[in-house]
Amino acid sequence: MKNKPNVVKHPRVKNPVETLANTRHEFGEHGGVNMSIEASTTFTAMHPDVLADMFHGDKGPDKGGCYLYGRHFNPTVYSLSRQLAALEGTEAAYCTASGMAAISATLIQLCNTGDHIVSAHTVYGGTYALMHDMLPVKNGITTTLVDITDLEEVEAAITEKTRVLYAESIANPTLRVADIPALSEIAHRHNLTLVIDNTFSPLIISPKQLGADIVVHSMTKFIGGASDHIAGAICADKEFILELMDLHTGALMLLGPTMDPKVAYDISLRIPHLSLRMAEHGKRAQLFAERLKELGLKVTYPGLPEHPDHGLFSELHCADYGYGGILTLDMGAEEAANQLMDMLQNDYHFGYLAVSLGYFDTLMSCSGSTTSSEMTEEDKAEAGISPGLVRMSLGYTGTSEQRWRQLYKALERMGLVQAVSGPAPGSESRAS
Ligand SMILES: *Cc1c(COP(=O)(O)O)cnc(C)c1O
């Protein structure tokens with residue numbers, strides 16, 4: 001993978017929690033400190049004219065506080081959406097039933113039959129399948145997959161039919177970082193919409209501040225934080241959010257991936273401590289990456305100086321949250337990867353063998369045979385996804401030293417590090 005010097009000046013980013021803290025707080029019906037859950041699927045109009053006005057778009061949540069129907073705007077989902085907009089620094093946002101709903105609705109809204117997308121080749125498996133397999137057949141929308149870190153390749157793939165430039169802020173699972181300011185410059189010069197999936201780096205990277213037009217999230221991961229809800233969000237300007245809700249042509253309104261208000265309420269309670277969680281995920285990942293590197297293992301983490309995008313990440317991120325909670329360890333072969341994960345889960349209780357990420361405990365999976373298995377062998381090789389690549393989403397339960405001892409024990413049994421008696425090398429704690 002080539003690494004082109006970029007010419008775009010990167011702006012200094014503002015910590016999004018400041019905007020979030022200034023967002024209007026929604027109190028409960030009886031003055032409760034938490035908002036009430038609006039569970040109704042339909043809403044009364046005080047006068048028959050109001051309903052007609054709503055269908056004409058003359059009244060709505062921001063125009064007189066009027067609501068129509070639960071698949072259209074819902075007050076509880078709308079309140080969570082305002083928090084997402086604050087988090088991403090966009091004018092508006094709306095939440096969806098899943099991350100894939102957010103991604104597919106956005107792409108279908110932006111592209112008509114015959115239109116074209118230029119996308120990073122290293123994206124979430126479901127996104128890859130949507131672009132590579134489904135959209136061409138069902139919608140006549142084609143995608144050219146490129147190495148997003150090669151800006152010349154990105155620009156060369158743009159045709160007169162291209163509408164969207166798509167990337168993940170931190171690519172899954174290669175952990176390459178998108179140069180959002182440079183991509184924004186290219187996108188806007190060609191009149192394209194830059195869509196960034198920021199699932200791996202809420203608060204850490206603020207794509208809108210860096211020049212993206214639309215930010216999508218799987219809130220199933222870090223934002224949800226407890227692996228108990230499938231959820232997503234689209235953060236954009238007000239015009240685009242209203243377009244998605246259009247009664248005749250809106251992808252959210254008509255495809256209907258509606259977020260349940262009870263889910264919106266649950267997730268709204270996780271947003272206030274997202275900043276604490278992201279900082280701790282990042283601290284643990286940084287510590288373990290440094291120690292694994294010292295042991296001579298093949299670890300990839302953007303917080304390590306030798307990571308190809310370390311410098312770029314350092315310029316783009318909000319330093320309060322570090323370099324993210326995900327690292328990868330290349331075990332070479334799938335068998336070795338499986339053996340390590342098996343021991344880590346079943347013998348040392350270090351974490352769980354499971355896909356997904358952003359949970360409070362550590363989750364581990366072998367990317368090539370799981371979350372990236374939708375990719376062809378050729379595309380996987382091109383993206384640098386080796387068959388023995390273990391992706392770890394570091395949790396924050398227990399203590400760092402306790403978790404490190406568990407990890408070290410498993411590496412020791414694999415014969416990858418020297419057997420020691422007493423504390424594992426790298427440990428600051430002398431307690432065993
Ligand atoms: C999980 C994930 C998605 C899909 O989100 P769902 O909530 O599972 O639909 C999209 N993008 C990335 C980067 C993800 O990790």
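Before any of the text, the structure's been laid out above.
Asks: Give me the lowdown on the overall build of the protein chain, citing residues and values where you can.
Replies: Along its length, the protein chain carries 15 helices and 12 strands. What you see for the protein chain is a C-alpha radius of gyration of 22 Å, in line with the 22 Å of a compact globule of 432 residues. Seen along its three principal axes, the alpha-carbon backbone of the protein chain occupies a region of about 80 × 55 × 40 Å. With 432 residues in all, the protein chain has 57% of them scored as buried. Pairs at least 24 residues apart make up 71% of the contacts formed inside the protein chain by residues separated by at least 6 positions. Of the roughly 18,200 Å² of accessible surface on the protein chain, 52% is carried by carbon and sulfur atoms. Measuring between centres, the 33 positive side-chain charges of the protein chain sit 4 Å from its 51 negative side-chain charges.

Asks: Report on the site of the ligand, specifying residues and quantitative values.
Replies: The full set close to the ligand counts 13 residues, and Met100, Asp197, Ser218, Thr220 and Lys221 are the nearest of them. In the model, a nitrogen atom of the ligand is placed 2.7 Å from a nitrogen or oxygen of the Asp197 side chain. A distance of 2.8 Å is found between an oxygen atom of the ligand and a side-chain nitrogen or oxygen belonging to Ser218. Compared with its free state, where it exposes 380 Å², the ligand has 93% of that area covered by protein.

What counts, and where the lines are drawn
- Residues numbered from 1 in each chain as written.
- Predicted model: local features only at pLDDT ≥ 70, side-chain atom pairs only at ≥ 80, totals over all residues.
- Heavy atoms only, no water.
- Helix = DSSP H or I, 4+ residues; strand = E, 2+ residues; numbered from the N terminus.
- Rg over C-alpha atoms; globule rule 2.2 N^0.38 Å.
- Buried < 20%, exposed > 50% of the residue type's maximum accessible area, 1.4 Å probe, protein only.
- Contact = heavy atoms within 4.5 Å.
- Areas by Shrake-Rupley, 256 points an atom, 1.4 Å probe, with all protein chains shown as cover.
- Lys, Arg positive; Asp, Glu negative; His and termini not counted.
- Charge placed at Lys NZ, Arg CZ, Asp CG, Glu CD.
- Near = heavy atom within 4 Å.
- Polar contact = N/O pair within 3.5 Å; in protein donor to acceptor, adjacent residues only side chain to side chain.

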